[in-house]
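What follows is the residue order along each chain.
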Amino acid sequence: MAYLELNNVYKTYGQADHVTEVLSNINLSIEEGEFVAIVGFTGSGKTTLVNLINGLLEPTKGEVLFKGEPVFGTSHERGVIFQNYSLLPWLTVGQNIYMAVKEAFPKTSKLELNKLVAEYVEMVSLTPAINKRPKELSGGMRQRVAVARALAMKPEMIIMDEPLGALDALTRGNLQDEILNIWGKDKRTALLITNDVDEGIYMADRIIPLKPGPNATLGPEFKIDIERPRDKTEMNDNANFKETRNAIIEYLMDIGDERKSQAKEEFVLPDLSPKDFVNQFK
Amino acid sequence: MKQSITLGKVTKFMGLGFLSTLKDLFTGKLEKEDFINFLRKVAVPLASILLFIGLWHVGAMSLYNREANFKIEKALTDQGPAAAEAMRECIASGDISCQPNTLPSPGQVWDSYKSLLRDHNIISADKAAFIEKTATLNAKRIAEGKAPITYTGRPSFIDQIIMSLKTVFAGFLLALLIAIPIGILIGLSPTLKSAFNWFIQIFKPVSPVVWYLLVFMIVKTILIDSNGDSSFIISFISVGLCSMWATLVNTAMGVSSVDKDYINVAKVLKLGAFQKVFKVILPSSLPLIFTGLKITLSVAWMVLIAIELLAQSPGLGLFVWEEFQNGANDSNSKIIVAMFVIGIIGFLLDRIMLTIQNAVSFNKNEAI
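Fair warning: this is a prediction, and the values are worked out from it, not measured in the lab.

Rules behind the numbers
Residues numbered from 1 in each chain as written. Chains lettered and ligands numbered in written order. Predicted model: local features only at pLDDT ≥ 70, side-chain atom pairs only at ≥ 80, totals over all residues. Heavy atoms only, no water. Patch = residues over 30% accessible without salt bridge, like charges linked within 9 Å, V, L, I, M, F, W, Y side chains within 5 Å. Areas by Shrake-Rupley, 256 points an atom, 1.4 Å probe, with all protein chains shown as cover. Salt bridge = Lys/Arg side-chain N within 4 Å of Asp/Glu carboxyl O. Lys, Arg positive; Asp, Glu negative; His and termini not counted. Charge placed at Lys NZ, Arg CZ, Asp CG, Glu CD. Helix = DSSP H or I, 4+ residues; strand = E, 2+ residues; numbered from the N terminus. Buried < 20%, exposed > 50% of the residue type's maximum accessible area, 1.4 Å probe, protein only. UniProt positions renumbered as here; feature names shortened; annotations may be inferred. Contact = heavy atoms within 4.5 Å. Buried area = accessible area lost by both parts, 1.4 Å probe. Nonpolar A, V, L, I, M, F, W, Y, C, P; charged D, E, K, R; others polar. Axes fitted to C-alpha atoms, helices over the stretch in contact; angles between N-to-C directions. Parallel < 35°, antiparallel > 145°, perpendicular 65-115°, else oblique. Left-handed = near helix turned anticlockwise from the far one by under 90°. Domains from an automatic or database assignment. Polar contact = N/O pair within 3.5 Å; in protein donor to acceptor, adjacent residues only side chain to side chain.

On to a negative patch on the surface. All names here are of chain A. A grouping of Asp-177, Asp-231, Glu-234 and Asp-237 is seen on the molecular surface, where their side chains present a negatively charged patch. The topology assignment puts Asp-231 in the loop between strand E11 (222–223) and helix H7 (232–235). Classification of Asp-231 by relative accessible area gives partly exposed; the value is 34%.

Right, here's the structure in full:
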C-alpha cells in the first residue's frame, strides 16, 4: 500500500448552476521516502490539489488516503510550506517557529522547545535574524523561515506549494540545494508543486504533469533516473536529463496547444462602416 | 534586540516629527533640505495660525460695529437723538452695561482665558484654606464614624476640564469593554452576526440626546433608592453607548477579514481556538480595532459636551451652557475659550491614541 494515495479524486467549487470542476479523476500514489514533483501551468489547480492533500479542503468525490487512513483536516504529520511564506508578521522569526513547535510537541518543556527552534533556525542559517520580524527579511530569508517552521514540527511528509515561485533565480538555486540537503538527511516523503520543469527534474525522483483545468487531471509520469547528489552544471550535459526535460516540455506544450485549439470561442465583429456625411449634406 | 531611544525616534513615533527638526535648528545641525522641511512643517502652520487670528479679529470688529450701529439707530428711533448720543458715548467709553453682544475678538478671548485662570487660582486657594480649616474637625468626624465635610463651592474651569476628562475616559472604557468583546464574537461567528446586525444598524445612528434620555430612564429607576448625584453615571454611560459603535463595527470587520493565509497557517499548525484568536486573529485585526478606538475616543469627546449639558453633570459642556445662560459681558469669550480647550484636548487625545497604536500594532502607521 502506498504512503499517500489519491483515488478518483474530484474537486468542484460552487453550487447548482455555477459548478466549476477544478480537479477531475486524480489518481496518485506516493511511496514512503519518495520525492515527487507535480508540474503544471499557473491556474491549473495545483494549489487545490495541495490543499486536498494537506487537509485544508475535502474532495467532492473520491478519497485521499494517508498511510491507509482517509484524510480529515490538517495534521502535524504533513508539514506544509506555502507559496507566499504565510509567516505571521507580528511575530519574530523565532516566535513564528516556536508557535509551530509548541503545537506539535505540547508536552515538551519550554527550554527544549527553544533549543529545537534554535536548531532549525541554525539549519536554515538564519541565527543572526532570529529576533527579526518577517518584514525586515528578504523574500529568500522569509521562505527559509517557512521551511524551518514546517520542518521543525518533524512531519513525516512535507508538502511544498510552489515554495520558490516568488524568488529570484539565484536565491532559488540556493534554496533548492538547501531543501535537498535537509531532505537528504532523513529522507522524508516530499511532494513538490512547481511550475518550473528544471526545478522538478533537479529535485524530484518522479515528475507528474498536471493537465490544466478546468477538469485538471494528472498526466503520465516521468521517472528521473539521475543519481543523487545531483550537480546542476553536470546535469546540463547529461543525456538522460536532456531527454526527460524535452519529453516533459513537449508534453506540456502539446497540452497547451490542445487547450488553445479547443478554445472555439469566436468573436464576431459588428459590421460597421463610416457614415457618408459628405454626400448627405449635398 | 536593543535599540537606542533618541529624541528623534520618540517624536516621530508620536507623530510629532517636526520637533526633532526644531532641535536640529538650535543645535546648528541643519541641512538645506531640513530647513525647507522645517519651513513647511513649522513656519507655514504658524503663519496660517496668525492669518486665522487676523481674519477673526477683522471679522469680530466688523460684527461689533454693526451691532453698535444698530444699538445707536434703535436708541435714535425709540428715544430720540439725546439717547442716541448717550448710547454712542457709553459704547465708546467701554462701559460694560451697554457693550454690543456679538462674536468676541481674539484679544477679549485671551483676557477671558486669563481671568478663568485667575478664577481657578482663587478657587483652589479657597479650597486649600477650607481643607486646612476642616482638617482637625474631619479627623474627629472620621474617628466618630461620620462622613467628613467636603468642599462644596463652585468648581473652577480647570476642575471642570478634569471632570470632563474623567467622564470621557469612563465612557471610553465602557465602550471598549462592551464593543471589543462583542465585535470579536460577531466577527468570528456569522450566526451571531446576523443575530446582532439589526441591532447595530438601528442603534448606530441614534443621536446622543436620545441615548441620554434612554440611559436616564433606565439609570434613574435603577438608582431610585440612592440619593446621591447620578448625573456622572448617566453621562458617562451615555457617552460610552454613543461612541462604541465605531469600535464595534471595526472590530467585527477586522476579525472577520483576517488574511486567509494566516487562517490557513493556524489550521495547518492545528492551533486551538484560544490560541487562534489571541495569536492570529487579534494581532492581525489590531490596526482596524485601533482605528475604531480612535474614532470612538473622538466621538466620545464630541458628544460629551451635549450630554453634560443635558445631564447637568459638571464639566465643559455644562460650563458652556451655563455661560450661555449667564449672559455676562464676557460670557461669549469664555465660550470661545472653552471651544479652543475642547479642540486642543481632542487633538491631544487623538495623538495619545496614535502613540498607543504605534506601540502595540505590527504595521507602523504614519500620522494621519
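Let us look at the pattern of salt bridges. Enumeration over the complete set of coordinates arrives at 14 salt bridges over all chains. With a shortest N-O distance of 3.7 Å, Glu199(A) and Arg172(A) are connected by a salt bridge. Pair noted here: Glu199(A) is in helix H6 (residues 197–203) and Arg172(A) is in helix H5 (residues 169–186), with a separation of 27 residues, a long-range link. Per residue, the accessibility class of Glu199(A) equals that of Arg172(A), and both read buried. We note a salt bridge from Lys146(B) to Glu144(B), for which the minimum N-O separation is 3.6 Å. According to the relative accessible area criterion, Lys146(B) is partly exposed, its value standing at 46%. One connected set of salt bridges, linked through shared partners, spans Glu34(A), Arg206(A) and Glu221(A).

We now examine the UniProt feature "domain: ABC transmembrane type-1" (unreviewed entry) in chain B. With numbering aligned to this structure, UniProt lists the feature "domain: ABC transmembrane type-1" (unreviewed entry) at residues 161–353 of chain B. For residues 161–353 of chain B, helix accounts for 85% and strand for 0%, while the C-alpha atoms at its two ends are 19 Å apart.

This paragraph deals with the interface of chain A and chain B. Taken together, the 20 residues of chain A in the interface contact 18 residues of chain B. Interface area, chain A with chain B, both sides summed: about 1,900 Å², of which 66% is carbon and sulfur. Three residues stand out in chain A for area buried against chain B, namely Trp90(A), Met99(A) and Glu103(A), and they jointly supply 31% of the buried area on that side. Across the chain A-chain B interface, the total number found is zero salt bridges. Among the elements that make up the side of chain A that touches chain B, the one with the highest residue count is helix H2 (residues 93–104) of chain A (four residues). Looking at the side of chain A that touches chain B residue by residue, the classes come out as 10 nonpolar, six polar and four charged.

This part covers the UniProt feature "transmembrane region" (unreviewed entry) in chain B. All names here are of chain B. What UniProt calls "transmembrane region" (unreviewed entry) maps, in this numbering, to residues 42–64, 167–186, 198–219, 231–253, 300–321 and 333–354. Along residues 198–219 the backbone is 82% helical and 0% strand, and the end-to-end C-alpha distance reaches 25 Å. Measuring from the first to the last C-alpha atom of residues 333–354 gives 32 Å, for a span that is 100% helix and 0% strand.

This part takes up the packing of helix H7 (residues 190–203) of chain B against helix H9 (residues 231–256) of chain B. Residues and elements named next belong to chain B. For the pair H7 and H9, the least separation of the axes is 11 Å and the interaxial angle reads 140 degrees. If you check the angle between H7 and H9, you find them oblique. Seen along the crossing, H7 lies across H9 with a hand that is left-handed. In contact with Phe-199, Ile-200 and Phe-203 of H7, H9 contributes Trp-245, Leu-248 and Val-249. Classifying every residue of the contact of H7 with H9 gives six nonpolar, no polar and no charged.

Residue and element names in this part refer to chain B. The domain architecture assigned to chain B consists of domain 1 (31–101), domain 2 (104–154) and domain 3 (155–360). If you average the C-alpha positions of domain 1 and of domain 2, the two centres end up 35 Å apart. In this assembly, domain 1 packs against domain 2 so that about 340 Å² is buried in total across both faces, 80% of it on carbon and sulfur atoms. When residues of domain 1 are sorted by the area they lose upon contact with domain 2, Trp-56, His-57 and Ala-60 head the list and together hold 79% of the total. There are zero salt bridges connecting domain 1 and domain 2. The interface formed by domain 1 and domain 2 contains one residue pair in polar contact (both at pLDDT 80 or more). Considering only residue class, the side of domain 1 that touches domain 2 consists of four nonpolar, one polar and no charged.

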